[in-house]
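Results of the structural survey
Each chain is listed here by its residues.
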Amino acid sequence: MSEQVLVCRSDELKEGAVRVCTIGDVEVGIFRHNGGCHAYKNVCPHQGGPVCEGVRMPQVEDVIDENGLFVCQKFNEDDVHIVCPWHGYEFHIESGEHVIDPKVKLKKYDVVEREGQIYVAI
Ligand code: FES
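Below, the structure is looked at part by part. Please read these numbers as outputs of a predicted model, since none were measured by experiment.

1. Let's talk about the nonpolar core
By size, the foremost hydrophobic cluster in this structure holds 13 residues, and its most contacted members are Val7, Val28, Ile30 and Val120. Among the secondary structure elements, those contributing two or more residues to this core are β1 (4-9), β2 (18-23), β3 (26-33), β4 (36-41) and β9 (117-121). In contact with Val7, not counting residues within four places along its chain, are Arg19, Cys21, Ile23, Ile30, Ile118, Tyr119 and Val120.

2. Describing the sheet that holds β3
Taken together, the six strands give an open sheet; going across it, the order is β1-β9-β8-β4-β3-β2, and neighbouring strands pair in antiparallel fashion. One side of each edge strand has no neighbouring strand; the edge strands of this open sheet are β1 and β2. For this sheet, the mean angle separating the axes of adjacent strands, direction not counted, is 30°. Pairing of strand β8 (residues 108-114) with β9 involves five bridges; the strand directions are antiparallel. Residue pairing for β9: Val112 is matched across the bridge by Tyr119.

3. Quick word on unusual backbone geometry
The backbone of Asn34 shows a phi angle near 50°, a positive value even though the residue is not glycine. Inspection of the secondary structure assignment puts Asn34 in the loop between β3 and β4. Even without a glycine there, the phi angle at Glu115 is positive, about 50°. The topology assignment puts Glu115 in the loop between β8 and β9.

4. Remarks on the pattern of salt bridges
Taken as a whole and judged by the stated rule, the model has five salt bridges. The shortest N-O distance in the salt bridge between Arg32 and Glu113 comes to 2.9 Å. Of the two residues, Arg32 is situated in strand β3 and Glu113 in strand β8; the sequence distance between them amounts to 81 residues. A relative accessible area of 9% places Arg32 in the buried class. Lys74 is the partner of Glu61 in a salt bridge, and the nearest nitrogen-oxygen pair spans 3.9 Å. Of the two residues, Glu61 is situated in strand β5 (residues 56-64) and Lys74 in strand β6 (residues 70-83); the sequence distance between them amounts to 13 residues. Judged by relative accessible area, which is 28%, Glu61 ranks as partly exposed. Since its relative accessible area comes to 42%, Lys74 is described here as partly exposed. Ionic contacts of the salt-bridge type, sharing partners, join the residues Arg9, Asp11 and Glu12 into one network.

5. Here's the deal with the sheet that holds β5
Taken in spatial order, the three strands line up as β5-β6-β7 in an open sheet, and their pairing is antiparallel. The two strands at the open ends of the sheet, each matched to only one other strand, are β5 and β7 (90-92). Mean inter-strand twist for the sheet, computed between neighbouring axes without regard to direction, equals 50°. Relative to β7, β6 is paired through three bridges, and the arrangement is antiparallel. Bridge pairing links Ile82 to Phe91 in β7.

Each value, and the rule that gives it
- Residues numbered from 1 in each chain as written.
- Predicted model: local features only at pLDDT ≥ 70, side-chain atom pairs only at ≥ 80, totals over all residues.
- Heavy atoms only, no water.
- Core = buried A, V, L, I, M, F, W, Y, C linked by side-chain atoms within 4.5 Å.
- Buried < 20%, exposed > 50% of the residue type's maximum accessible area, 1.4 Å probe, protein only.
- Helix = DSSP H or I, 4+ residues; strand = E, 2+ residues; numbered from the N terminus.
- Contact = heavy atoms within 4.5 Å.
- Pairing = 2+ DSSP bridges.
- Axes fitted to C-alpha atoms, helices over the stretch in contact; angles between N-to-C directions.
- Salt bridge = Lys/Arg side-chain N within 4 Å of Asp/Glu carboxyl O.

The following block contains the structure:
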């Protein structure tokens, strides 16, 4: 059974921000995205890098015209990735799954937000 650990006040985690903290002997990153919170162990499944300390980037998508020709590229702000700072593996911020191989995942923790406080179940 998991324990809910208080991380911070809700207003201390603004939209687009991340807070990395240590809970027991586990380092966890809590991300605010589209109003919700997502928490992951700060260990990349590739080679153990501090994945939660990487930048967040929207998915880059090709725009193709009606003739099948490339027009340009654009950001998809609905699909933000966490980019590991060591070798650039990218993970969907809402699921923790690698963008190419969904079997490769960040360790995810449940987040509960109540009465103006954020808790991580660990
Ligand atoms: S350790 Fe994260 S991409 Fe290599």
